[in-house]
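Residue-level structural notes
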Amino acid sequence: MAWDFSTEPEFAEKLEWMEEFVRGEIIPLEVLDLDAAAFERATAPLKEEVKARGLWAAHLPPELGGGGFGQVRLGLMHEILGQCVYAPPVFGNNAPDSGNAELLALGATVEQKKQWLEPLLDGRLRSAFSMTEPGAGADPTLLATRAERDGDEYVINGHKWFTSNGSVADFLIVMCVTNPDVHPYAGSSMILVPADATGITVHRPLSVFGYDDAPHGHMDITLENVRVPVSNMLLGEGRGFEIAQGRLGPGRIHHCMRLIGLAERALELMSKRTLQRVAFGKPIAAHGVTQERIAEARIMIEQARLLTLKAAYMMDTVGNKGARGEIAMIKVVAPNIACQIIDWAIQAHGAGGVSDDFPLAYAYAHARTLRLADGPDEVHRNAIAKLELSRYA
Ligand SMILES: Cc1cc2nc3c(=O)[nH]c(=O)nc-3n(C[C@H](O)[C@H](O)[C@H](O)COP(=O)(O)OP(=O)(O)OC[C@H]3O[C@@H](n4cnc5c(N)ncnc54)[C@H](O)[C@@H]3O)c2cc1C
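It should be emphasised that the depicted structure is a prediction, and the values quoted were computed from it without experimental measurement.

Quick notes on the overall build of the protein chain
A tally of regular secondary structure across the protein chain gives 14 helices and nine strands. Computed over C-alpha atoms, the radius of gyration of the protein chain comes to 22 Å, within 12% of the 21 Å expected from 2.2 N^0.38 for 393 residues, which places it in the range of a compact globule. Counting only C-alpha atoms, the protein chain reaches 75 × 55 × 40 Å along its principal axes. Out of the 393 residues belonging to the protein chain, those deemed buried represent 42%. Taking the intrachain contacts of the protein chain between residues at least 6 apart in sequence as the baseline, contacts between residues at least 24 apart amount to 70%.

A look at the environment of Ala 52
Relative to the assigned elements, Ala 52 resides in helix H2 (residues 36–52). Classification of Ala 52 by C-beta neighbours within 10 Å gives exposed; the count is 9. Taking the C-alpha atoms as reference points, Ala 52 and Lys 331, 279 residues apart in sequence, are found 33 Å from one another.

A word on the nonpolar core
Membership of the largest hydrophobic core comes to 100 residues, with the highest contact counts inside it found for Ile 191, Ala 263, Ala 266, Ala 338, Ile 341, Ile 342 and Ala 345. The leading source of residues in this core is helix H11 (residues 324–349), at 16 residues. With sequence-adjacent residues up to four places away left out, Ile 191 is seen in contact with Ala 147, Tyr 154, Ile 156, Val 174, Cys 176, Val 228, Asn 232, Met 233 and Leu 234.

Brief notes about unusual backbone geometry
Here the bond from Ala 95 into Pro 96 is cis, since omega is -5 degrees, no more than 30 degrees from zero. Among the secondary structure elements, Pro 96 is positioned in the loop between helix H4 (87–90) and helix H5 (97–107). The phi angle at Ala 57 is positive, at roughly 45 degrees, despite the residue not being glycine. Following the sequence through the fold, Ala 57 ends up in the loop between H2 and helix H3 (71–81). Given 21 C-beta atoms within 10 Å, Ala 57 falls into the buried group.

Describing the environment of Ala 311
Looking at the element boundaries, Ala 311 is found in helix H9 (residues 288–317). The residues touching Ala 311, leaving out its near neighbours within four places in the chain, are Ile 253, Ala 323, Glu 326, Ile 327 and Ile 330.

Digging into the site of the ligand
Near the ligand you find 21 residues, and of these Met 131, Gly 137, Ala 138, Pro 376 and Glu 378 are the closest. At the level of elements, strand S1 (127–130), strand S3 (153–164) and helix H14 (377–390) are the ones that each hand at least two residues to the shell around the ligand. The two domains that each donate at least three residues to the shell around the ligand are domain 2 (127–234) and domain 3 (241–390).

As for the domain arrangement of the protein chain
The assigned domain composition of the protein chain is domain 1 (9–100), domain 2 (127–234) and domain 3 (241–390). Between the C-alpha centres of domain 2 and domain 3 there is a distance of 30 Å. The partner domain 3 presents nine residues to the nine residues of domain 2 that form the contact.

So, the environment of Ala 338
Secondary-structure assignment places Ala 338 in helix H11. Since 31 C-beta atoms lie within 10 Å of it, Ala 338 is described here as buried. The spatial distance from the C-alpha of Ala 338 to the C-alpha of Gly 261 is 9.0 Å, given a sequence separation of 77 residues. Look past the residues within four positions of Ala 338 in its chain and what remains in contact with it is Leu 259, Leu 262, Ala 263 and Ala 367.

Some thoughts on H5
Counting buried positions along H5 gives nine out of eleven residues, so the element sits mostly inside the fold. For H5, the complete set of buried residues consists of Asp 97, Ser 98, Gly 99, Asn 100, Ala 101, Glu 102, Leu 103, Leu 104 and Gly 107.

Observations concerning the pairing of strand S2 (residues 146–150)
Note that S2 and S3 share five bridges and pair antiparallel. Of the residues in S3, the one forming a bridge with Asp 150 is Glu 153.

Here we look at the packing of H3 against H9
Running from N to C, H3 and H9 cross one another at 145 degrees; their axes reach a closest spacing of 7 Å. Together, Gln 71, Val 72 and Gly 75 of H3 and Thr 308, Leu 309, Ala 312, Tyr 313, Met 315 and Asp 316 of H9 make up the contact between the two elements. A breakdown of the residues in the contact of H3 with H9 according to their chemical character gives five nonpolar, three polar and one charged.

Brief notes about the pairing of strand S7 (residues 218–229)
Here nine bridges tie S3 to S7, and the two strands are oriented antiparallel to one another. Following the sheet pairing, Gly 158 is matched in S7 by Leu 223.

Calculation notes
- Residues numbered from 1 in each chain as written.
- Predicted model: local features only at pLDDT ≥ 70, side-chain atom pairs only at ≥ 80, totals over all residues.
- Helix = DSSP H or I, 4+ residues; strand = E, 2+ residues; numbered from the N terminus.
- Rg over C-alpha atoms; globule rule 2.2 N^0.38 Å.
- Buried ≥ 20, exposed ≤ 12 C-beta atoms within 10 Å, placed from the backbone.
- Contact = placed C-beta atoms within 7 Å.
- Core = buried A, V, L, I, M, F, W, Y, C linked by C-beta atoms within 7 Å.
- Near = placed C-beta within 6 Å.
- Domains from an automatic or database assignment.
- Pairing = 2+ DSSP bridges.
- Axes fitted to C-alpha atoms, helices over the stretch in contact; angles between N-to-C directions.
- Nonpolar A, V, L, I, M, F, W, Y, C, P; charged D, E, K, R; others polar.

Given below as structure tokens:
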């Protein structure tokens, strides 16, 4: 029977180990005030353990050291990692390095892989993805950053913002216009740009609800007559949108399952808190409104989880194109249910919920950004409606 919701025992064992490891070794780090260097020191032995288990950068193809797990299994793994913001880096799949590694795996030449991808996977280099500009986000056909060929080099000029990792990255993958005379789908390209190239200025981190997301940050960057060799072009001139599609497909499933893991953690925190804390003569959990919210949260998580796993299953069986409707749906559903459930959990914690004494305020800020950062809800809804209408037009 093909409709099977079970997990095979060998893989279930891996998931069990991950769950114990995240809860026992990684979540406890949340209460420590770690700067970037201390975080690296604290997590170095944990990373070794993950590598020894064959679970490091599991999203990559097997030839690059990934597990070849397929999207359903990866989804289940990311659900566990989503419980704690520290977990993805310990497992070698922190954004944006993980998406950039997938992109390079798809679009880089053998030489480019040697120069950029291998050290990225070893943790010797860090990367950033520079697409969004102050004047172009949801609609990337409006991008204005320009790369002009001059002999064996491209000369790049433009203004990018919200480049995550921009302050620590060793290289940027910059989306720019190489031919303004054709449609942007055919005239845009992605180019590898060393972060220390002359003409690059990192101006400031853009805050997210007041968090600076240090140390990686979301940077405001200008490129002024930045010169790179033509060999830094990815896949070929005019193929930028093609690469963007490849990057944005699988990564989204992982984001969505992480959000479901985050929603699950918020529900757990809400349940534990409301069982312990008393108001007006009884535990807050005994008030009808709390039970209503807890029940609703459980229903929302189960619905979102099934839809996300269905999208993953379709990616595994019919490919990204055949799954595009489901992918668009989960991109709307997952951040929205996570925001609602985290919001209820914050409410149940009272003032403490909006402070950084609990992980909820930061979790909310993070989940809310994903209603934008992975493409605004409205754009995904447009895509879903177009697919639906095309069945009857
Ligand atoms: C925390 C964070 C990290 C990010 N990291 C990166 C990064 O590393 N690299 C990078 O390149 N970018 C990054 N981004 C930027 C992100 O990709 C953009 O925010 C996103 O593409 C939306 O673009 P915009 O913000 O310019 O919104 P706009 O394009 O200005 O859209 C604003 C609003 O207009 C409405 N809208 C837009 N299109 C439609 C439509 N078709 N129908 C109806 N309404 C519509 C929506 O309400 C939308 O929210 C990041 C963003 C955040 C918040």
